[in-house]
Amino acid sequence: MKHIGIVGAGTMGAGIAQAAALAELEVTLYDINTTVLRQSTEKIRTELKQGIQKGKIPPEKLDPTLERIKPRTSLSDLSSCDLILEAVIEDLRVKRDLFKRIEENAKSEALLASNTSSLSITAIASSLHRPGRFLGIHFFNPANIMKLVEVVRGRQTSDEVVGQGAAFAKKLGKTPVVVKDTPGFIVNRLARPFYGEALRLLGEHVATVEQIDRIVKTSGDFAMGPFELMDLIGIDINLAVTQSIYDQYFGEPRFRPHPLQQEMVDAGWLGRKSGRGFYNYSESKNQQASGTRKPT
Ligand SMILES: NC(=O)c1ccc[n+]([C@@H]2O[C@H](COP(=O)([O-])OP(=O)(O)OC[C@H]3O[C@@H](n4cnc5c(N)ncnc54)[C@H](O)[C@@H]3O)[C@@H](O)[C@H]2O)c1
C-alpha cells in the first residue's frame, strides 16, 4: 500500500492524513470545502512543528511529510489510491451515497473503508458493487497520537481485506483490534454512559462542567473529563454518534441522547473546532492549542 485517499478533511481526516504521510504514504486529501482543506493543511503543519519542538519528529521530516499530502476537491483524483478512507459526517445516507461515487472513481482492487464511529459497516456497504473490499477502520481522536484502531469486519468483508486493514493501521504505528460490526463497536458503546451520565449530572444541576471534569481526572485518573472530551470530539459528532447507537438499538434508553447536546449544536457551540463548547476557546489561538480555556 503506497497511496491512500482520505475523503473528508475535518478533525479526523486531517489527523489520519498526518499519520499516514509521516509513515511515508502518499496521501490525497479530498473535501468538498476548500476552506477546510486549507485549514487542515495548516493544522497539520502546526502540529508537525510542535512534534519537532518536542523532539518527537526529526526536523528533516517536515517538508517531505507535507509534500506527500495533496489537497484535492475532485473524487477522480482518488483513482490511483490503494485505500480510500472516508471521514465525513456521521450520517448513513450521506456515507452510502458518497461510497457509490467513491467506488465509481476507485480502481477495482482498491480497499474502501469508513472511519465511522458507530454506523453499521454492512449497511454502508449495501450501496457497493464490491462489499467484500469494504471495512471499517476506526481511528480515535487525535488520530495522529492515539494508538488504538478498531478494524471492523462487515458481514461481507473478506478475511484478506480485514488483514490488509490491520496491516495499514500497523504501518501507521497503531495497534489494530479486529471487532464485530455492532453499533458503536467496542469503545464508543462503552463510552456512551460516560458522556450520558455526565450530561445528566449537569442537566440536573448536581455539579458543574468543571467539577465533573476535575473529579473524573483527579479521582479516576482519566486524562480528560467528559466535557473536555466532548469538546475535543465535536459536540455535533458526539450527538450524531449517540443518536446512531440509540437508533440502531431500537431506542434502548441506556443510549438516549441528552437535550443539552442538541441545545449546544443548535447554538453552534460544537467544541474546540468552533471556538466554543462546554468551554470557551476563543480568547486566543495559543490558549486553544494548549487546551487552556474558561467554562462557557
Ligand atoms: N471527532 C471524533 O472524535 C471522531 C473520532 C473517531 C471517528 N470519528 C468519525 O469520523 C467521521 C468524521 O468526523 P470528524 O470529527 O472528522 O468530522 P468533521 O465535522 O470535523 O469533518 C467532516 C468533514 O467532512 C466534509 N464533508 C462532509 N460531507 C462531505 C462529502 N459529501 N464529501 C466530502 N467531504 C464531506 C466536511 O467538509 C468536513 O470537512 C465521522 O464518521 C465520525 O463519527 C470522529
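For clarity, every value in this text was computed on a predicted model and none was experimentally measured.

### Considerations on helix α11 (residues 259-267)
For α11, the full list of buried residues reads Leu260, Gln261 and Met264. Along the axis of α11, the buried residues cluster in a sector spanning 105°; they form a single face. Away from the buried face of α11 by more than 90 degrees, exposed residues Pro259, Glu263 and Asp266 are located. Buried residues along α11 sit against α7 (187-203) and α10 (235-248). The first or second residue beyond α11 is Gly268, which carries a positive phi of 80°.

### As for the site of the ligand
Around the ligand there are 24 residues in total, and Met12, Asp31, Glu90, Lys95 and Ser117 lie nearest to it. Within the side chain of Glu90, one N or O atom sits 2.5 Å away from an oxygen atom of the ligand. Interatomic distance of 3.1 Å between a side-chain N/O atom of Asn141 and an oxygen atom of the ligand. When the free accessible area of the ligand is taken as 840 Å², the share hidden by the protein chains comes to 89%. Broken down by secondary-structure element, the contributors of at least two residues to the shell around the ligand are α1 (11-22), α4 (92-105), β6 (134-139) and α10.

### Re the pairing of strand β4 (residues 83-86)
Across a regular strand the side chains alternate sides, sitting on one face of the sheet and then on the other. Here β4 shows no split at all, with Leu83 and Leu85 on one side and Ile84 and Glu86 on the other all buried. In this structure, strand β1 (residues 3-7) lies alongside β4, joined through four bridges in parallel fashion. Bridge pairing in β4 links Ile6 to Leu85. Direction of pairing for β4 relative to strand β5 (residues 111-114): parallel, over a ladder of four bridges. The residue of β5 that forms the bridge with Glu86 is Ser114. Crossover connection from β4 via α4 to parallel β5: handedness right-handed.

### Looking at the domain arrangement of the chain
For the chain, the assigned domains are domain 1 (3-180) and domain 2 (188-295). In this structure, domain 1 and domain 2 have C-alpha centres spaced 25 Å apart. The interface of domain 1 with domain 2 comprises 10 residues on the first partner and 10 residues on the second. Per-residue buried area on domain 1 facing domain 2 is highest for Glu90, Ser118 and Asn141; these three make up 48% of the total on that side. Counting across the interface, domain 1 meets domain 2 through zero salt bridges. Along the contact surface separating domain 1 from domain 2 lie four residue pairs in polar contact (both at pLDDT 80 or more). Its residues assigned to classes, the side of domain 1 that touches domain 2 comprises two nonpolar, seven polar and one charged.

### A closer look at α1
Taking 1.5 Å per residue, 12 residues should reach 16 Å; α1 reaches 17 Å between its end C-alpha atoms and fits that length. Burial of α1 is extensive: 10 of the 12 residues sit out of reach of the surface. Turning to α1, its buried residues are Met12, Gly13, Ala14, Gly15, Ile16, Ala17, Gln18, Ala19, Ala20 and Ala21. Of the residues trailing α1, Glu24 is marked for its positive phi of about 70°.

### Describing unusual backbone geometry
Cis rather than trans, the peptide bond between Asn141 and Pro142 has omega equal to 0°. Mapped onto the secondary structure, Pro142 falls in the loop between β6 and β7 (148-153). Although it is not a glycine, Glu24 sits at a positive phi angle of roughly 70°. Within the secondary structure, Glu24 sits in the loop between α1 and β2 (26-30). You will see that Phe250, though not glycine, has its phi angle at about 55°, which is positive. You can see Phe250 is positioned in the loop between α10 and α11.

### A short note on the packing of aromatic side chains
Under the defined criterion, the tally for this structure stands at six aromatic pairs. Judged by centre distance (6.3 Å) and plane angle (80°), the rings of Phe139 and Phe168 are edge-to-face. Of the two residues, Phe139 is situated in strand β6 and Phe168 in helix α6 (residues 159-171); the sequence distance between them amounts to 29 residues. Counting every residue linked through ring pairs, the aromatic cluster contains Phe194, Tyr195 and Phe222. For the cation-ring pair, Arg276 lies above Trp269, with the distance from its terminal atom to the ring centre recorded as 3.9 Å.

Rules and cut-offs
Residues numbered from 1 in each chain as written. Predicted model: local features only at pLDDT ≥ 70, side-chain atom pairs only at ≥ 80, totals over all residues. Heavy atoms only, no water. Buried < 20%, exposed > 50% of the residue type's maximum accessible area, 1.4 Å probe, protein only. Helix = DSSP H or I, 4+ residues; strand = E, 2+ residues; numbered from the N terminus. Arc of directions from axis to C-beta. Contact = heavy atoms within 4.5 Å. Near = heavy atom within 4 Å. Polar contact = N/O pair within 3.5 Å; in protein donor to acceptor, adjacent residues only side chain to side chain. Areas by Shrake-Rupley, 256 points an atom, 1.4 Å probe, with all protein chains shown as cover. Pairing = 2+ DSSP bridges. Right-handed = clockwise from strand over helix to strand, strands pointing away. Domains from an automatic or database assignment. Buried area = accessible area lost by both parts, 1.4 Å probe. Salt bridge = Lys/Arg side-chain N within 4 Å of Asp/Glu carboxyl O. Nonpolar A, V, L, I, M, F, W, Y, C, P; charged D, E, K, R; others polar. Expected span 1.5 Å × (residues − 1). Phe/Tyr/Trp six-rings, centres within 6.5 Å; stacked < 30°, edge-to-face > 60°. Lys NZ or Arg CZ within 6 Å of the ring centre and 35° of its normal.

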